[in-house]
Amino acid sequence: MMLNLSFFKPFKYLLTCYLILNLLLRLVFVFHPITTSSFTFMEWCKMFSIGAVNDFFVFILSYALFGLYYLFLSNSKYTKPWGYIIFGSLVALLIYIVFFNTILNEYGGSIPEIAQAFLAIKVFCFGICLFFPRNRLQIRQVIYFFSLALFSLLLIQNTVSEYFFWNEFGLRYNFIAVDYLVYTNTVIGNILESYPVVPLFIGVGVLTLTMAVFIYRKTYKNLRKLMNFPSKLLCSISYLLLVFLAIYSLPKLSNLENASNVFTNEIQANGTYKFYQAFNHSELDYFKFFPVLSEDKMVSILRDDYPGYKGKSLLRSISSDSLELKKNVVLITIESLSADFMSYYGNEKQLTPFLDSLAQQSLFFTNTYATGNRTVRGLEAVTLSIPPSPGESVVKRKDNKNKFSTANVFKQKGYQVKYLYGGDAYFDNMQEFFSHNNFDIVDKSSFTPEEISFKNIWGVCDEDMYLKAIQVMNQEYQSGVPFFNHIMTVSNHRPYTYPANKIDIDPQSKSRDGGVKYTDYALKQFFKQAQKQAWFAHTVFVIVSDHCASSAGKTELPLDKYRIPAMIYAPGFISPQQNATLISQIDLMPTLFGLLNFDYSSKFYGQDVLKPSYSPRAFIATYQDMGFISNNMLTILSPTQKIQQFHFESTNPQEVKIPLTAVKTIDQQQVDRATAYYQSIAEQLKKKYYQQLP
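Everything numeric in this text was worked out from a predicted model, so none of it was measured.

As for the overall build of the protein
Each helix and strand counted, the protein has 22 helices and 18 strands in total. Since a compact globule built from 694 residues should have a radius of gyration of about 26 Å, the 29 Å found for the protein is in line with a globular shape. Reported as C-alpha extents along the three principal axes, the dimensions of the protein are approximately 95 × 65 × 50 Å. Of all 694 residues assigned to the protein, the portion counted as buried reaches 57%. For the protein, the share of sequence-separated contacts (at least 6 apart) that also reach a separation of at least 24 residues comes to 74%. For the protein, the exposed area adds up to about 30,400 Å²; of that, 61% sits on carbon and sulfur atoms. The averaged location of the 52 negative side-chain charges in the protein is 12 Å from the averaged location of its 62 positive side-chain charges.

Comments concerning helix H20 (residues 512-530)
For H20, built from 19 residues, the straight-helix expectation of 27 Å at 1.5 Å per residue is met to within 8% by its first-to-last C-alpha distance of 27 Å. Every buried residue belonging to H20 is among Gly514, Gly515, Val516, Lys517, Tyr518, Thr519, Asp520, Ala522, Leu523, Phe526, Phe527 and Ala530, and all of these are buried.

Some words on unusual backbone geometry
A cis amide bond links lysine 80 to the next residue, proline 81, at an omega of 0°. The residue proline 81 is located in the loop between helix H3 (64-71) and helix H4 (82-99) in this model. In this chain, arginine 494 is followed by proline 495 through a cis amide linkage whose omega measures 25°. Mapped onto the secondary structure, proline 495 falls in the loop between strand S8 (483-488) and H20. Non-glycine residue asparagine 402 carries a positive phi angle of around 55°. Inspection of the secondary structure assignment puts asparagine 402 in the loop between helix H16 (375-384) and helix H17 (406-412). Asparagine 402 gets classed as partly exposed once you look at its relative accessible area, which sits at 37%. Phi is positive for lysine 510, close to 50°, though the residue is something other than glycine. As for its position among the elements, lysine 510 is in the loop between S8 and H20.

Digging into the pattern of salt bridges
On inspection of all chains with the given rule, the structure shows 22 salt bridges. Glutamate 257 is paired through a salt bridge with lysine 274; the nearest N and O atoms lie 3.7 Å apart. Remark: lysine 274 occurs in helix H12 (residues 271-280) and glutamate 257 occurs in the loop between helix H10 (229-254) and helix H11 (262-268); sequence separation between them is 17 residues. Note on glutamate 257: relative accessible area 16%, which makes it buried. Between aspartate 399 and lysine 688 there is a salt bridge; the shortest N-O distance is 3.1 Å. Separated by 289 residues along the polypeptide, aspartate 399 in the loop between H16 and H17 and lysine 688 in the segment after helix H22 (668-686) bring together distant segments of the chain. Aspartate 399 gets classed as partly exposed once you look at its relative accessible area, which sits at 30%. Taken together, the shared-partner salt bridges connect Arg374, Glu392, Lys396 and Asp428 into one network.

Section: the pairing of strand S17 (residues 642-647)
Where a strand is regular, its side chains alternate between the two sheet faces. Here 6 bridges tie strand S16 (residues 633-638) to S17, and the two strands are oriented antiparallel to one another. Opposite methionine 633, over in S17, you have histidine 647 as the bridge partner. The loop that links S16 with its antiparallel partner S17 comprises 3 residues; one of these, threonine 640, has a positive phi angle of about 65°. As judged from the 2 bridges shared by S17 and strand S18 (residues 661-662), these two strands associate in the antiparallel manner. Each bridged residue has a counterpart across the sheet, and for histidine 647 the counterpart in S18 is threonine 661.

A few points about H3
Of the positions making up H3, those classed as buried are Phe66, Gly67, Tyr69, Tyr70 and Leu71. In this fold, the buried residues of H3 make contact with helix H1 (8-31), helix H6 (136-169) and H10.

Describing the side chain of lysine 603
Within the secondary structure, lysine 603 sits in the loop between strand S13 (600-602) and strand S14 (618-621). Reaching out from lysine 603, the side chain makes a polar contact with the backbone oxygen of tyrosine 689 at a distance of 3.0 Å. Among all residues touching lysine 603, those that are not within four sequence positions of it are Ser313, Leu314, Leu315, Arg316, Phe404, Tyr689, Tyr690, Gln691 and Leu693.

Digging into the packing of H1 against helix H9 (residues 197-219)
Where H1 contacts H9, the axes come no closer than 10 Å and their chain directions differ by 150°. The angle between H1 and H9 places the two elements in the roughly antiparallel class. The element H1 and its partner H9 pack so that their crossing is right-handed. Packed against H1, whose contacting residues are Lys9, Pro10, Tyr13, Leu14 and Cys17, the element H9 presents Met211, Phe214, Ile215, Lys218 and Thr219 at the interface.

Some points on the environment of alanine 580
Mapped onto the elements of the fold, alanine 580 is located in the loop between strand S11 (577-579) and strand S12 (583-584). Overall, the relative accessible area of 41% leaves alanine 580 in the partly exposed class. The spacing of alanine 580 and isoleucine 386 is 194 residues in sequence and 21 Å in space, taken between C-alpha atoms.

Criteria and cut-off values
Residues numbered from 1 in each chain as written. Predicted model: local features only at pLDDT ≥ 70, side-chain atom pairs only at ≥ 80, totals over all residues. Heavy atoms only, no water. Helix = DSSP H or I, 4+ residues; strand = E, 2+ residues; numbered from the N terminus. Rg over C-alpha atoms; globule rule 2.2 N^0.38 Å. Buried < 20%, exposed > 50% of the residue type's maximum accessible area, 1.4 Å probe, protein only. Contact = heavy atoms within 4.5 Å. Areas by Shrake-Rupley, 256 points an atom, 1.4 Å probe, with all protein chains shown as cover. Lys, Arg positive; Asp, Glu negative; His and termini not counted. Charge placed at Lys NZ, Arg CZ, Asp CG, Glu CD. Expected span 1.5 Å × (residues − 1). Salt bridge = Lys/Arg side-chain N within 4 Å of Asp/Glu carboxyl O. Pairing = 2+ DSSP bridges. Polar contact = N/O pair within 3.5 Å; in protein donor to acceptor, adjacent residues only side chain to side chain. Axes fitted to C-alpha atoms, helices over the stretch in contact; angles between N-to-C directions. Parallel < 35°, antiparallel > 145°, perpendicular 65-115°, else oblique. Left-handed = near helix turned anticlockwise from the far one by under 90°.

Okay, structure coming up:
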């Protein structure tokens, strides 16, 4: 009996196309402006050779769905009574997932609709092949072409998506991509508003059809003589061996992403496999993956910064010798505002004229670092005042309720507490986090149509949000109860759209510079209006960025991509001053509490940086690399007990601390201090020591 191995014919052509797409993608990454690095000859060889092997094994796993479809091509399944039994079972399954609550509904989003559409198409195709046997070959050819086109579309669309992700972050798919998959509607809306989608879709469509037609013409004749059972068995066994080889090899190849240059590692990797890794590591057990100290040593190290610390929580009493001041407090976290957008840090484009002038009238912390590169990290830092921990931000975790927070302190002082956000608070789990940590929420759903002059996929423009905030604060002031309001902006985010005729950059340009300049303009309008209100003279304003605009760099944690502006403004109360002390985002609110002379019980890791006892340090992190800055040194703790250290020269406050030089001899004292902090917060979150006080 002659064997028919046509199973591997479409495999061969699809694989070739996939390898070509990834080769071109790597070349684009190498020469992309965000790739601020040059590569040695050996790095070029490694990126493209190991990269191609990565792609080969990922394709083997990806081909499984198409391969199953091809293996199940047969005429025997339509014979009586099996054809009718199979058709009836498919119809029953379709009815079940359409009209009943299934496990698919638990995932929400578009998953149930996708499953229903897929099964409906399957029922339809099987039905016409069953009831119209004379036309079965023509029908099968149409279905085969459609399947080829769909698979081709997935390959091309993934390539395009990887380009846009790199364009935004300078990285392959990572934890952020997994996060975005959950919020499909918002992310798709952002893409639609940010890019020329019509030419883009046309280009993707043309490429898809070209690829599908080419492969179809090379392989469609195999449909006239389908594989027999021995052929299918041989192909299945051969393919399964390749699958096992791919499953074994991909983690090994991932371990070869060990260059000192992050861009080399990222370009060498395969984006689809990186996505899979991120999906499986959304939470990292610190004690399993990172260096650990003995409990006694950890406590001893932290006791230097927190006198009296005995382990478990940092619970301690903060007291002041001065009269407590119950001023209103407004915290404004500004979306994606890197320090280097401001003139103070050397920017010559005049993007933030108001913020630059406000800094001169404020207590301006010129050497502040964000804890992460996502909004939820910034919100975690200023709300909970804790260092970052591996995996997802506390905001996004299931165990995110009843934490010790700034709201806990304000509530004990009798304040009204609100979180104001121009978008939908369900995004990034903000609704659940803030509502279960003593905040009332005002978001886009609180706006009437008349209150919205402009909006995009992320929410209402900053001007509208600020006007709503003033309205809310006027009502709060009338009650005679002091208020703490945390405002989160949205306008400085791709697609960078904003109302026309506000600034001298056309909103149709959808440029980052425009987003920054409009954000600054809206902030100026807010303070113009705020100064007219009765509560203004009794209010302290804290202005800080949630994170920088980009986190791409040669090292895992490029310092210049974590530097943010931070200031406290209260004319007549806070004297203008520039403070160049190294501080973290987590220190801002404890410092404010010190300025207000609050007596309170604290579990905060953040400290009052104006106290003589403060020892300068800062925390920066991705979801898996934990950075600690102290004494002109950056220490990075990574999974598999990996430790790196870099030294940088002491510079003027205006200058960002680069470049970094890898140290020859590890400073174990700095490693232990970093470990003590990160181990401690991981333990407190895991064992629920960081809960709010009654």
